[in-house]
Structures are given as C-alpha cells and as structure tokens.
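So the chains spell out like this:
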Amino acid sequence: MTDELAPLLPALQDAGKNSLLVADENLAEGLAAVPDGQTVLTNRRDLADQAERRGLPCHFCDFDFSSWPAHSLDAIAYRISKEKAVVHHIANSAAQRLVPGGRLVLTGAKDEGIKTYAKTIGVLFGDKAVLEKQGKLYRVTARLASSRRTASPLDDRDYKRLRKILCIDGKPVYSKPGLFGWDKEDAGSALLAGHLPDFFAARFAVWRRQPIRLLDLGCGYGYLSLQAAALGIKDITATDNCAAALLACQHNFREHGIAGRVSASDAGDRLGGSFETIVCNPPFHQGFARSGGLTDKFLNATRRLLAPGGRALFVVNSFIPLETLAQRRFAHIATPVRTGKFKLVELG
Ligand SMILES: C[S@@+](CC[C@H](N)C(=O)[O-])C[C@H]1O[C@@H](n2cnc3c(N)ncnc32)[C@H](O)[C@@H]1O
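A few points on the structure. Since the structure is predicted, the reported quantities are computational estimates derived from the model, not experimental observations.

1. Some words on helix H8 (residues 293-305)
Turning to step 1, where the next piece is worked out: Its 13 residues place the ends of H8 18 Å apart at the C-alpha level, agreeing with the 18 Å of an ideal helix rising 1.5 Å per residue.
Turning to step 2, where the next piece is worked out: Turning to H8, its buried residues are Leu294, Thr295, Phe298, Leu299, Ala301, Thr302 and Leu305. The arc enclosing the buried residues of H8, seen along the axis, measures out at 160°, which places them on a common side.

Here is the structure:
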C-alpha cells in the first residue's frame with residue numbers, strides 16, 4: 001500500500017458507496033490498493049484505464065462534480081495536486097457536494113502546502129481541520145459544519161473557464177487552470193515551433209511535397225498543433241492524458257478551424273495508424289515528482305506510431321540524454337538545435 005493512499009482509505013471505507021476518491025497524476029502508485037466498488041473521479045486517462053480494468057466506477061473528466069447532487073456524499077478523499085487552483089476547485093466542490101458533517105480527507109507533504117490547505121479549508125468548511133503526520137506525508141480531515149456561516153469559496157482562478165492566453169496566426173488561443181503551463185507559452189515549445197518551418201522544408205525536400213499527417217503527442221492546449229496548422233499542415237491528431245488539456249485543445253481546434261482529432265490516451269496507447277510527422281514536448285514531471293519513465297514511454301509510442309521514413313521532432317531540457325535513450329529505437333537521431341536550456345532532437 002502506498003504512503004499516499006493509505007491515509008485516505010479509512011474515510012472511504014467508513015463512507016462506503018457514498019464516498020468518492022479524487023485522483024490525479026500525484027497518486028503515483030495508482031489504484032491497485034483501492035477497495036473494490038470505490039467510485040473514482042480522475043482527470044487522467046491512464047488512471048481511468050486502471051479503474052476500468054479493476055471494474056471500479058469511474059468518471060474521467062476535468063474534475064466535474066455535476067454527476068453528484070448537492071450535499072449527497074459522506075466522504076471525499078484526495079491526494080493533493082500540484083496546482084493551487086485545482087486543490088481549491090476540489091475543496092470548493094467538496095463543500096457543495098458533502099452532506100453536513102461529511103468529511104474531505106487530503107494527503108500531501110509539508111512543502112506541497114498541506115498545512116496551509118488545512119487552515120484555508122477549515123475556514124471554508126466552518127470547522128477547524130485536523131492535521132496528522134502520516135509517514136512522510138500529512139493527512140488533513142475537514143468536516144463540513146452543519147450550521148456553517150457562508151464562507152467565500154477559495155480562489156480557484158475561475159477553474160472551469162477557458163480564457164485567451166495568446167494568439168497564434170492572428171487568432172486567440174485558449175487555456176485554463178489544471179493543465180500544464182496553462183497560462184503561458186512554454187519556452188521549449190516555442191523553440192520547437194520556431195524550427196517547424198525548417199523541419200517541414202527538409203521533409204518537402206525529401207518527399208517533394210508538404211507533410212500531411214501530424215501527431216501532437218502530449219498536446220496540452222494544442223500549442224504545437226496550432227503552430228503546425230498555421231504552416232499549412234492539414235491532418236492533425238492531438239492526444240493527451242489530461243482531461244483539462246483535451247477540453248482546451250478541442251476548443252482551440254474549433255476556434256482555429258482545424259478539422260483534426262483530439263483524443264485521450266496514455267502516451268498514444270489508444271491510437272492506431274501511423275503518422276509521417278510527430279511533434280512532442282514530453283512531460284518531465286509527473287505531478288510533484290520527476291519521472292524518467294515517461295520519456296521512455298513517449299519514445300516507445302513514437303517508435304510505434306511513426307510511419308516508415310517519417311520524422312519526429314522532440315524538445316527536451318539539454319541535460320536529458322534523449323539521443324542515448326533513443327538509440328535502441330531509431331536509426332536516425334540528430335540534434336539540429338541546442339540552446340543553453342533546451343535542445344531539439346529529430347528521430348526517424
Ligand atoms: C511539457 S507538456 C507539453 C504540452 C504541449 N505540447 C505544449 O507544447 O505546450 C507535456 C504534456 O504531456 C501530457 N502528458 C503527461 N503524461 C502523459 C501521458 N502519459 N500521456 C499523454 N500525455 C501526457 C501533459 O498533460 C502535458 O500536456
């Protein structure tokens with residue numbers, strides 16, 4: 001049993017069917033130790049797949065609580081997320097969905113802000129939350145007071161709202177809290193985008209035509225897809241593990257008139273077919289933790305999904321030995337651009 005899940009289980013077991021486990025990528029060990037029959041709400045496709053394999057009732061969405069009527073749940077358990085807006089959204093939703101006296105139980109580490117959440121959620125719930133040390137983590141138990149004065153919701157940065165964050169090709173690009181780097185243009189992705197004209201021109205020189213099919217692997221709000229579409233790429237598939245990313249990407253495809261596909265997958269595992277170009281800024285962190293395994297997963301997916309003679313373009317931090325990791329899988333490995341912080345690696 002994991003450090004993260006173990007402190008959450010008693011509350012879930014006490015509440016039985018009337019409880020909800022909220023899970024994102026920070027529940028790193030997954031759902032193996034979750035009791036049979038436990039309902040799970042998750043924004044990650046890989047966790048939803050695990051839940052489905054276990055036969056657990058599961059809602060895969062951007063932490064949308066609308067399936068539960070107001071004041072209907074006895075307990076909600078949650079290993080806290082990295083982004084404050086997400087934690088506040090879950091706490092605000094819990095205050096609406098729990099019965100009076102119902103419990104929100106959280107786990108997290110001191111440097112993840114768990115002590116501050118204990119205070120702020122205590123105020124929201126109208127009763128002081130209990131903080132207990134549990135191994136390396138803390139557990140917070142907040143009980144919704146029966147006669148609580150109306151406390152203002154915690155600032156969740158208007159969690160559900162898609163908002164304009166930048167323009168590509170003169171058109172607005174939308175994003176929202178809950179997805180990677182949601183309120184900015186990532187410097188690594190911008191480097192990759194700046195090299196796309198050369199990347200496509202090199203393909204044109206070999207194929208005597210513009211590349212047609214492109215896969216954006218780990219698409220986020222669709223930044224790389226939108227840049228490729230602005231350069232005339234017509235057939236774009238974008239995929240991500242995160243429900244918030246998929247919502248934003250779908251919206252951006254509609255706004256930019258891209259007739260592409262946006263689909264949920266764990267590093268492309270649900271995709272078939274093959275793509276003559278793949279662009280990717282692979283995740284380096286899984287929530288709070290660094291994850292080298294994700295790089296391998298993304299390289300394996302690229303190997304499987306790249307068409308014969310196709311080319312993939314990755315951007316990674318300079319210190320990641322992507323070229324070495326790629327060696328067993330690809331015959332062509334080149335590093336056309338290096339800056340102090342990032343490098344672009346071409347694979348084929
Ligand atoms: C560094 S971000 C890049 C986002 C986007 N391509 C951009 O350039 O702005 C990595 C993306 O990979 C996604 N991701 C993380 N793990 C994943 C997985 N197992 N399968 C698919 N996507 C994943 C994250 O949700 C995030 O959107």
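Right, picking up where we left off after that structure.
2. Description of helix H6 (residues 223-230)
Turning to step 1, where the next piece is worked out: In terms of burial, H6 is a largely internal element, six of the eight residues being buried.
Turning to step 2, where the next piece is worked out: Along H6, the positions that sit buried rather than exposed are Tyr223, Leu224, Ser225, Leu226, Gln227 and Ala228.
Turning to step 3, where the next piece is worked out: Note on H6: the residue one or two positions beyond its end, Gly232, has a positive phi of about 100°.

3. A closer look at the pattern of salt bridges
Side-chain pairs of opposite charge can arise whenever the charged atoms involved come near each other.
Turning to step 1, where the next piece is worked out: In total, this model carries 21 salt bridges according to the counting rule given.
Turning to step 2, where the next piece is worked out: Between Arg79 and Glu4 there is a salt bridge, with its nearest N and O atoms 3.6 Å apart. Residue Arg79 is located in strand E4 (residues 73-79), and its partner Glu4 is located in the segment before helix H1 (9-15); the two are separated by 75 residues in the primary sequence. In this structure, Arg79 and Glu4 share a single accessibility class: buried.

4. Regarding the packing of aromatic side chains
The way to describe two aromatic rings as a pair is by their centre distance and the angle between their planes.
Turning to step 1, where the next piece is worked out: Evaluated as defined, the whole model comprises four aromatic pairs.
Turning to step 2, where the next piece is worked out: Of note, Lys133 hangs over the ring of Tyr138, and the distance from its end group to the ring centre comes to 5.2 Å.
Turning to step 3, where the next piece is worked out: Residue placement shows Lys184 over the ring face of Phe180; its charged tip is 5.7 Å from the ring centre.

5. Regarding the state of the cysteines
Turning to step 1, where the next piece is worked out: Inspection of the entire model under this criterion finds zero disulfides.
Turning to step 2, where the next piece is worked out: No disulfide involves Cys219; its sulfur sits 3.9 Å from the nearest other cysteine sulfur, which is in Cys249.
Turning to step 3, where the next piece is worked out: Using a relative accessible area of 6% as the deciding quantity, one classes Cys219 as buried.
Turning to step 4, where the next piece is worked out: According to the relative accessible area criterion, Cys249 is buried, its value standing at 0%.

6. Some remarks on the nonpolar core
Turning to step 1, where the next piece is worked out: Among the nonpolar cores identified, the biggest contains 36 residues, and Leu179, Leu192, Leu196 and Phe253 are the most heavily contacted of them.
Turning to step 2, where the next piece is worked out: Those elements that place two or more of their residues in this core are strand E8 (163-168), helix H5 (187-207), H6, strand E11 (235-240), helix H7 (243-255), strand E12 (261-264), strand E16 (306-317) and strand E18 (342-347).
Turning to step 3, where the next piece is worked out: Residue contributions to this core peak at six residues, all from H7.
Turning to step 4, where the next piece is worked out: Filtering out sequence-adjacent residues up to four positions away, Leu179 remains in contact with Glu83, Gly220, Tyr221, Cys242, Ala244, Ala245 and Ala248.
Turning to step 5, where the next piece is worked out: With 33 residues, the next largest nonpolar core counts Leu41, Leu106, Ile121 and Leu124 among its residues.

7. Notes on the sheet that holds E16
Turning to step 1, where the next piece is worked out: Taking strand neighbours across the sheet as the criterion, the seven strands line up as E12-E11-E10-E13-E16-E18-E17 in an open arrangement whose pairing is mixed. Because the sheet does not close on itself, it has two edges, and the strands there are E12 and strand E17 (333-338). Going from strand to strand, the sheet's axes swing by 20° on average, the running direction of each strand aside.
Turning to step 2, where the next piece is worked out: Here E16 pairs with E18 via six bridges, running antiparallel. Bridged to Val316 within E18 is Lys343.
Turning to step 3, where the next piece is worked out: Strand contacts of H5: strand E10 (213-217), strand E13 (275-280), E16, E17 and E18, with the helix running at about 155° to E16, the strand carrying the most contacts.
Turning to step 4, where the next piece is worked out: Docked against the sheet, H8 engages E10, E13, E16 and E18, running at close to 160° with respect to E16.

8. Re the side chain of Thr295
Turning to step 1, where the next piece is worked out: In this fold, Thr295 is placed in helix H8.
Turning to step 2, where the next piece is worked out: Look past the residues within four positions of Thr295 in its chain and what remains in contact with it is Leu322 and Leu325.

9. Describing the environment of Lys115
Turning to step 1, where the next piece is worked out: Tracing the backbone through its elements, the reader meets Lys115 in helix H4 (residues 114-125).
Turning to step 2, where the next piece is worked out: Residue classification places Lys115 among the partly exposed positions, given a relative accessible area of 33%.
Turning to step 3, where the next piece is worked out: With 101 residues separating them in the primary sequence, Lys115 and Asp14 have C-alpha atoms 24 Å apart.
Turning to step 4, where the next piece is worked out: Among all residues touching Lys115, those that are not within four sequence positions of it are Lys110, Leu131 and Tyr138.

10. A short note on the sheet that holds strand E5 (residues 98-108)
Turning to step 1, where the next piece is worked out: As summarised here, the arrangement of the seven strands in space is E3-E2-E1-E4-E5-E7-E6, forming an open sheet in which the pairing is mixed. Sheet topology places strand E3 (58-60) and strand E6 (130-134) at the edges, where each strand pairs with a single neighbour. Strand-to-strand twist in this sheet, taken as the mean axis angle between neighbours without regard to direction, amounts to 20°.
Turning to step 2, where the next piece is worked out: Alignment of strand E1 (residues 19-23) against strand E2 (residues 39-42), held across four bridges, turns out to be parallel. For Leu21, the partnering residue across the bridge sits in E2 and is Val40.

Conventions used here
Numbering of residues starts from 1 in each chain and follows the order in which that chain's sequence is written. For a predicted model such as this one, the threshold for reporting local features is a pLDDT of at least 70, and the threshold for listing and counting side-chain atom pairs is 80 or more; totals across whole chains, interfaces and linings nevertheless cover every residue. With hydrogens and water excluded, all non-hydrogen atoms of the structure serve as input to the side-chain values. Working definition: helices are DSSP H or I runs of at least four residues, strands are E runs of at least two. Numbering for both runs from the N terminus. For a helix, the expected span equals 1.5 Å multiplied by the number of residues minus one. Burial here depends on accessible area, computed with a 1.4 Å probe over protein chains only, as a share of the maximum for the residue type. Under 20% is buried, over 50% is exposed, and the range in between is partly exposed. In this context, the arc is that of the directions from the helix axis out to the C-beta atoms. Each reported salt bridge corresponds to a side-chain nitrogen of Lys or Arg within 4 Å of a carboxyl oxygen of Asp or Glu. Each Phe, Tyr or Trp ring, with Trp reduced to its six-membered ring, pairs with another whose centre is within 6.5 Å; inter-plane angles below 30 degrees give stacked pairs, above 60 give edge-to-face pairs, and intermediate values give tilted ones. By definition, being over a ring means that NZ of Lys or CZ of Arg is both within 6 Å of the ring centre and within 35 degrees of the ring normal. Disulfide: a pair of cysteine sulfur atoms within 2.5 Å of each other. Take the buried residues of types Ala, Val, Leu, Ile, Met, Phe, Trp, Tyr and Cys, join any two whose side-chain atoms come within 4.5 Å, and each joined set is a nonpolar core. We call two residues in contact whenever any of their non-hydrogen atoms come within 4.5 Å of each other. Strands pair, by our definition, only if DSSP identifies at least two bridges between them. Interaxial angles span 0 to 180 degrees and are taken between N-to-C directions of axes, which are lines fitted to C-alpha atoms, for helices over the stretch in contact.

Read these as spatial facts, not as claims about activity.
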